[in-house]
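Given next are the chains, with one letter for each unit.
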Amino acid sequence: MSPEAGGPAVRGPIRVLVVEDDPVAADAHQLYVARVTGFTVAGVARSRAEAARLLERTDIDLILLDLYLPDGHGLQLLRALRAGGHHADVIAVTSARDLAVVREGVSLGVVQYVLKPFTFATLRDRLTRYAEFRAAAGEASGQEEVDRALGALRAPQPSSLPKGLSAPTLESVTRTLRESPTGLTAAEAGVRVGISRITARRYLEHLVTNGRAVRSPQYGQVGRPELQYRWLSASH
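Parameters at a glance
- Residues numbered from 1 in each chain as written.
- Predicted model: local features only at pLDDT ≥ 70, side-chain atom pairs only at ≥ 80, totals over all residues.
- Heavy atoms only, no water.
- Helix = DSSP H or I, 4+ residues; strand = E, 2+ residues; numbered from the N terminus.
- Buried < 20%, exposed > 50% of the residue type's maximum accessible area, 1.4 Å probe, protein only.
- Contact = heavy atoms within 4.5 Å.
- Areas by Shrake-Rupley, 256 points an atom, 1.4 Å probe, with all protein chains shown as cover.
- Core = buried A, V, L, I, M, F, W, Y, C linked by side-chain atoms within 4.5 Å.
- Arc of directions from axis to C-beta.
- Pairing = 2+ DSSP bridges.
- Axes fitted to C-alpha atoms, helices over the stretch in contact; angles between N-to-C directions.
- Parallel < 35°, antiparallel > 145°, perpendicular 65-115°, else oblique.
- Polar contact = N/O pair within 3.5 Å; in protein donor to acceptor, adjacent residues only side chain to side chain.
- Salt bridge = Lys/Arg side-chain N within 4 Å of Asp/Glu carboxyl O.

Participant: Account for the overall build of the chain, naming residues and giving values.
Facilitator: Along the chain, the regular secondary structure elements total nine helices and nine strands. Across the 236 residues in the chain, those meeting the buried criterion constitute 39%. Within the chain, residue pairs in contact and separated by at least 24 positions form 60% of the contacts whose partners lie at least 6 positions apart. With an accessible surface of roughly 13,100 Å², the chain has 52% of that area assigned to carbon and sulfur atoms.

Written out as structure tokens, the structure is:
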């Protein structure tokens, strides 16, 4: 719909297509996107072919794209979209760490990469930055304003994690919890990851705070009940 003469353009929520073949991950990504203000999930595709069909009949602004799909690489889908005149932006959500793939993705319009596993806070940060970049309008007054607009897409500062927590250890704890459908106590997580129970609990509590895990008391033994942590997306 065209804006009224002299008035600002009216923009609705950013429409997102989630492309992910793993059903648990797809459900999680859909849930996370829906929790970020200004975004809405317009569709979910489990394959390259399904994504192409959805893009033909659905107006999409942003694609959350897994690169490893059952019927082809995600960048093959992206090359076909660009050849067909589709201009949706892309955030690659993947475990791929090959920098050659990263460079090719950038040339095809991938604006951000989010490496699996990741927390809700990480994806929320990327989506918020993308929204800021997308909202920039008008003519830049100079180099500084151009740099500021492009800088909105850059990765967050290291301070995004609480003091004392490291990204590699968080990835290990996250992976361990995801692979334990019945849940883990802090002591069990510590043994599997190779850290102390107290340290494991800090990381597990961080996952709870960011909506990635839930905790509940575990009964059955004499004494105080122990907290059991479960990966949230695996329980829905």
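Participant: I'd like to hear about the nonpolar core, residue by residue, with values.
Facilitator: Core analysis: the biggest nonpolar cluster contains 34 residues, and Val16, Phe39, Leu62, Leu64, Leu127 and Leu177 have the highest contact counts within it. Counting residues per element, this core draws most heavily on helix H9 (residues 197-209), which supplies five residues. What phenylalanine 39 contacts, discounting residues up to four positions off in sequence, is Pro13, Ile14, Val16, Val33, Leu62, Leu127, Tyr130 and Ala131. Grouped together as the second largest cluster of nonpolar side chains are 23 residues, Ala45, Ala51, Leu54 and Ala88 included.

Participant: Mind laying out helix H3 (residues 74-83), listing which residues take part and the relevant values?
Facilitator: Among the residues of H3, those classed as buried are Gly74, Leu75, Leu77, Leu78 and Leu81. In an axial view of H3, the angular spread of the buried residues amounts to 150°, which keeps them on one side of the axis. Positioned one or two residues after H3, glycine 85 has a phi angle of 90°, which is positive.

Participant: Report on the sheet that holds strand S6 (residues 89-94), specifying residues and quantitative values.
Facilitator: The five strands lie next to each other as S2-S1-S3-S6-S7, forming an open sheet whose pairing is parallel. Two strands lie at the open edges of the sheet, namely strand S2 (39-45) and strand S7 (110-115), each paired on one side alone. This sheet shows a mean twist of 20° between the axes of neighbouring strands, independent of strand direction. Note that strand S3 (residues 62-65) and S6 share four bridges and pair parallel. What sits directly across from leucine 65, in S6, is alanine 92. Across the face of the sheet, helix H1 (residues 23-35) comes into contact with strand S1 (14-19), S2, S3 and S6 while running at roughly 165° to S2.

Participant: Can you explain helix H2 (residues 48-57)? Please cite residues and give values.
Facilitator: Each turn of an α-helix holds 3.6 residues, which means side chains three or four residues apart point in the same direction. Among the residues of H2, Ala51, Leu54 and Leu55 are the ones counted as buried. Angularly, the buried residues of H2 cover 100° about the axis, an arc narrow enough to put them on a single face. Turned more than 90 degrees away from the buried face of H2 sit Glu56 and Arg57, all of them exposed. Close packing links the buried residues of H2 with S1, S2, S3 and H3.

Participant: So, the packing of helix H8 (residues 186-193) against H9: which residues are in play, and what are the values?
Facilitator: Running from amino to carboxyl end, H8 crosses H9 at an angle of 105°, the nearest separation of the two axes being 8 Å. By the angle between their axes, H8 is roughly perpendicular relative to H9. Taken together, the residues of H9 that come into contact with H8 (itself represented by Ala186, Ala187, Ala189 and Gly190) are Arg197, Ala200, Arg201 and Leu204.

Participant: I'd like a rundown of the environment of histidine 87, residues and numbers included.
Facilitator: Note that histidine 87 resides in the loop between H3 and S6. In this structure the C-alpha to C-alpha distance between histidine 87 and leucine 108, which are 21 residues apart in sequence, comes to 9.7 Å. At a separation of 3.2 Å, a polar atom in the side chain of histidine 87 contacts the main-chain carbonyl oxygen of glycine 85.

Participant: Break down the side chain of glutamine 112 for me, with residues and values.
Facilitator: Secondary-structure assignment places glutamine 112 in strand S7. Here the side chain of glutamine 112 touches arginine 126 through a polar contact of 3.1 Å, side chain to side chain.

Participant: An account of the pattern of salt bridges is needed here, citing residue identities and associated values.
Facilitator: In this structure the tally under the stated criterion is ten salt bridges. Here arginine 15 makes a salt bridge to aspartate 59, at a shortest N to O gap of 3.0 Å. Residue arginine 15 is found in strand S1, and its partner aspartate 59 is found in the loop between H2 and S3; the two are separated by 44 residues along the sequence. What makes arginine 15 partly exposed here is its relative accessible area of 27%. Classification of aspartate 59 by relative accessible area gives exposed; the value is 52%. Note that arginine 79 is salt-bridged to glutamate 104, the shortest N-O span being 2.2 Å. With arginine 79 in helix H3 and glutamate 104 in helix H4 (residues 99-107), the pair connects residues that are 25 residues apart, well separated along the chain. Given a relative accessible area of 37%, arginine 79 falls into the partly exposed group. Several salt bridges converge on common partners, so that one network encompasses Arg15, Asp59, Asp61 and Arg134.

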